Amino acid sequence: MAESIYRALRDGALEGELAPALTIKDSVASPFALQVFSHVISHLFSSILAGKSQSRGLVVVSFSRSPSFYLDLLKNKGTDVASSNKQIQILDCYSDPLGWKDQLAGSRNFTALSNEALVSSNAIVFREVKHMDKLYNSIIELGKGLVGGGKIRFSIAIDSADEMLRHAPVSSVARLLSNLRSHDQISSIFWLLHSDLHEARVTAVLEYLSSIVASLEPSHQLANGQRGDLENFSLIKHNSKKGKFHVRFKKRNGRVRVMSEEVHIEQSGINFTSLPSEGAINQGLVPKVMVNPYKYMMAGDLWWIANMRDQLLQWKMCRQTRTAAVVRLFITVIQMMRCLILMRTQMMIWISDYACPIC
């Protein structure tokens, strides 16, 4: 299953389609998203170096970890970062996200500035994380600096959507991710999310923007949510080393494919194994779920469909006329369901702003 994720990110976007987007989410009960995120980065970058990926460069947007963390990660995986600096760039939103250090450095009372951003020429400091439009432009400029113009593509890794949501409303973050997916030179994009830090509607927006959603859950649930007894303490210790890895793939026809594996956290790294037979998901029994189109339709569209249905029930037509009307209705509904993802994303943003106008 993990190989399916690597393949989707490696193969990238088809001409005229949005780039594949992966959300890696976890919770405090199974906090392994960073390990999975790092694992995906190392695999994708290895494919880029080997020329086996559609993308020819990688832009890492670091919010929760320093640039040196990712440089050391790639070095530990056997990658010579010094010789491959033309294929990776790190947009450093970690060292000075709001520009405070830069302002203090300009004053006479403060002269010591962290050299974290100067670890390598691969890292460029970004000091305006509140401005999503400027962040978008900086990411695109870094990517074009790696691959140039034309149709050569690059990939993007954002190590924390949580930090973006701290500084900007969900509508701005969703617009940023949607614009990145629709850019002609973006091959794939993935980000990390701690789901228990946000409301359910916020997590739903980011999942809706994704073509792949990878969720980490604990192997064993605590009894009654209590952590005091020895049995629950043993389960907590057990959950700190492994968990369940559920992945939902959204296909182009709107159907969803669900897969599950078990993830093991070891000193040498992270490993994925198939679930025991009693816990595995039988792919033949998984219902082929279609995304509910009514959730994203406007009120006028819903009224039109309901009115058309009532007329079909009331009209006294011959079988041929009734059949033709049903076919026309069916075709119209299908066309509405196959509307562009960007339009549906914009509707989702409007819904979020209406539900919480102060965000």
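To be clear, the structure that these remarks concern was listed above.
Throughout this description, residue numbers start from 1 for each chain and increase along the sequence as written. With pLDDT at 70 or above as the cut-off, local features in this predicted model cover only qualifying residues; side-chain atom pairs require 80 or more to be listed or tallied, and sums for whole chains, interfaces and linings still use all residues. The side-chain quantities take in all heavy atoms of the structure and omit both hydrogens and water.

What follows is about the packing of helix 2 (residues 33-49) against helix 3 (residues 67-76). When two helices pack together, their arrangement is captured by the angle between the axes and the distance separating the axes. For the pair helix 2 and helix 3, the least separation of the axes is 10 Å and the interaxial angle reads 60°. In terms of orientation, helix 2 lies oblique with respect to helix 3. In terms of crossing hand, the pair formed by helix 2 and helix 3 is right-handed. Here Leu34, Phe37, Ser38, Ile41, Ser42 and Phe45 of helix 2 lie close against helix 3, whose contacting residues are Phe69, Tyr70, Leu73 and Leu74. The nonpolar class holds Ala, Val, Leu, Ile, Met, Phe, Trp, Tyr, Cys and Pro. Asp, Glu, Lys and Arg form the charged class, and all remaining residues, Gly among them, are polar. Tallied by class, residues from the contact of helix 2 with helix 3 come to eight nonpolar, two polar and no charged. Only C-alpha atoms enter the line fits that serve as axes; for helices the fit covers just the stretch in contact. Angles between N-to-C directions range over 0 to 180 degrees. Runs of H or I in DSSP of at least four residues are treated as helices and runs of E of at least two as strands, each being numbered from the N terminus. The labels follow the angle: roughly parallel below 35 degrees, roughly antiparallel above 145, roughly perpendicular from 65 to 115, and oblique for the rest. A crossing counts as left-handed when the near helix is turned anticlockwise from the far one by less than a right angle, and as right-handed when that turn is clockwise. Contact definition: two residues touch when any of their heavy atoms are within 4.5 Å.

Further remarks concern the sheet that holds strand 1 (residues 21-26). Here, a strand pair is defined by DSSP locating no fewer than two bridges between the strands. Spatially, 4-3-2-5-6-1-7-8-9-10 is the arrangement adopted by the ten strands of the open sheet, whose pairing is mixed. Of all the strands in the sheet, just strand 4 (123-125) and strand 10 (269-273) have a single pairing partner and so form its edges. When strand polarity is set aside, the average angle formed by the axes of neighbouring strands in this sheet is 20°. Bridge count for strand 7 (residues 212-218) against strand 8 (residues 242-250) is seven bridges, and the pairing is antiparallel. Bridge pairing in strand 8 places Glu217 opposite Lys244. Across the sheet, helix 2 lies against strand 1, strand 2 (55-62), strand 3 (88-92), strand 5 (153-158), strand 6 (186-194), strand 7, strand 8, strand 9 (256-266) and strand 10, angled at about 165° from strand 6, the strand it touches most.

Here we come to the pattern of salt bridges. Salt bridge criterion: a side-chain nitrogen from Lys or Arg within 4 Å of a carboxyl oxygen from Asp or Glu. Here the structure, examined in full by the defined rule, presents nine salt bridges. Arg166 serves as the salt-bridge partner of Glu163, at 3.0 Å between the closest nitrogen and oxygen. You can see Glu163 and its partner Arg166 sitting in helix 6 (residues 161-167), three residues apart, about one turn around the helix. Of the charged contacts in the structure, one is a salt bridge between Arg248 and Glu207, with a shortest N-O distance of 3.0 Å. Placement of Arg248 in strand 8 and of Glu207 in helix 8 (residues 200-208) is noted, with a sequence separation of 41 residues between them. Relative accessibility under 20% of the residue-type maximum defines a buried residue, over 50% an exposed one, and the middle range a partly exposed one, all with a 1.4 Å probe and only protein chains included. On the basis of relative accessible area, Glu207 is assigned to the buried category, the value being 13%. Bridged by salt links that share partners, the residues Glu3, Arg10 and Asp11 form one connected network.

Our focus in this paragraph is the packing of aromatic side chains. Pairing of aromatic side chains here covers Phe, Tyr and the six-membered ring of Trp, requires ring centres within 6.5 Å, and sorts the geometry by plane angle: under 30 degrees stacked, over 60 edge-to-face, intermediate tilted. Applying the stated rule across the entire model yields three aromatic pairs. An angle of 55° between the planes, with centres 5.4 Å apart, marks the rings of Phe37 and Phe190 as tilted. Taken as a pair, Phe37 in helix 2 and Phe190 in strand 6 lie far apart in primary sequence, 153 residues in all. Assigned by exposure class, Phe37 and Phe190 land together as buried. With a centroid separation of 5.0 Å and 90° between ring planes, the pair formed by Phe69 and Tyr70 is classed as edge-to-face. Residue Phe69 is classed as partly exposed on the basis of its relative accessible area, which comes to 29%. Lysine NZ or arginine CZ positioned within 6 Å of the ring centre and within 35 degrees of the ring normal marks a charge as sitting over the ring. Seen from the ring of Phe69, Arg65 lies directly overhead, with NZ or CZ sitting 5.8 Å from the centre.

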